[in-house]
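Chain by chain, the residues:
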Amino acid sequence: MAPEGYVVNWTAVILAFVVGIVAMGLMLAASTLLSPRRPSKTKAIAYESGILPTPLNWTQFNVRYYIFAILFLIFDVEAVFLFPWALVFADEGIPGYVFYAMMLFIAVLLLGVVYAWRKGVLRWR
């Protein structure tokens, strides 16, 4: 059998959940009922930076843009991990394997750059 306080805590969670669902439903219903409706052809057009849409034209993109974007994301994520690691590593009392784990991480990323470089991905023709 669960302790009395345990049941009270879950009752508060369930009550907050129900109140939240009811509040969302009321807000959505009020929005639907109170919002003005004046449909027109102009409002039905997809809005893209103020330019009226043109008929669909097929445009070919160079795959190099995507490769550069992916490489940027990879090294951006590396920076996200590297800066906090450097701050924590500067603190004393950090075990030595933390340094070697980050060196392994940097080596894998360096291997990726070397691979991309050798494949000619970084060369803009």
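Small disclaimer: the values here were computed from a predicted structure and weren't measured.

A. Molecular detail of the overall build of the protein chain. Helix and strand counts for the protein chain stand at four helices and zero strands. Out of the 125 residues in the protein chain, the part that is buried amounts to 6%. When contacts within the protein chain are restricted to residue pairs at least 6 apart in sequence, long-range pairs at least 24 apart make up 61% of them. With an accessible surface of roughly 11700 Å², the protein chain has 73% of that area assigned to carbon and sulfur atoms.

B. Quick look at the packing of aromatic side chains. Summed over the entire model, instances satisfying the criterion amount to two aromatic pairs. Ring centres of F81 and F105 lie 5.9 Å apart, and the angle between their planes is 85°; on these two criteria the pair is classed as edge-to-face. Taken as a pair, F81 in helix α3 (residues 63-90) and F105 in helix α4 (residues 97-119) lie far apart in primary sequence, 24 residues in all. Considering the side-chain rings of F99 and Y100, the 5.4 Å spacing of their centres and the 75° angle between planes classify their relative orientation as edge-to-face.

C. Examining α4 more closely. Relative to the 33 Å expected for 23 residues at 1.5 Å per residue, α4 spans 33 Å between its end C-alpha atoms, a close match to the ideal helical length. Buried residues of α4: M102, L109 and A116, and no others. Along its buried surface, α4 packs onto α3. Phi turns positive, to about 85°, at G120, one or two residues after α4.

D. Highlighting the confidence of the model for the protein chain. Overall, the prediction assigns the protein chain a mean pLDDT of 81, with 88% of residues at 70 or greater. The least confident element of the protein chain is helix α2 (residues 41-44), whose mean pLDDT is 77; the most confident is helix α1 (residues 4-34), at 89.

E. Layout of the side chain of E78. If you trace the backbone, E78 turns up in helix α3. Look at E78: it is buried, it has no salt bridge, and the nearest opposite charge is R118 at 19 Å.

F. α3, seen in detail. Taking 1.5 Å per residue as the helical rise, α3 with its 28 residues ought to reach 40 Å, and the 41 Å between its terminal C-alpha atoms agrees with that figure. Regarding α3, the residues found buried are L71, E78 and W85. As for α3, its buried residues are in contact with α4.

G. Spotlight on a nonpolar patch on the surface. A surface patch of nonpolar side chains, amounting to about 910 Å² of accessible area, comprises W10, V13, I14, F17, V18, I21, V22, M24 and L26. Inspection of the secondary structure assignment puts F17 in helix α1. A relative accessible area of 57% places F17 in the exposed class.

Basis of the calculations
- Residues numbered from 1 in each chain as written.
- Predicted model: local features only at pLDDT ≥ 70, side-chain atom pairs only at ≥ 80, totals over all residues.
- Heavy atoms only, no water.
- Helix = DSSP H or I, 4+ residues; strand = E, 2+ residues; numbered from the N terminus.
- Buried < 20%, exposed > 50% of the residue type's maximum accessible area, 1.4 Å probe, protein only.
- Contact = heavy atoms within 4.5 Å.
- Areas by Shrake-Rupley, 256 points an atom, 1.4 Å probe, with all protein chains shown as cover.
- Phe/Tyr/Trp six-rings, centres within 6.5 Å; stacked < 30°, edge-to-face > 60°.
- Expected span 1.5 Å × (residues − 1).
- pLDDT = per-residue confidence, 0-100.
- Lys, Arg positive; Asp, Glu negative; His and termini not counted.
- Salt bridge = Lys/Arg side-chain N within 4 Å of Asp/Glu carboxyl O.
- Patch = residues over 30% accessible without salt bridge, like charges linked within 9 Å, V, L, I, M, F, W, Y side chains within 5 Å.

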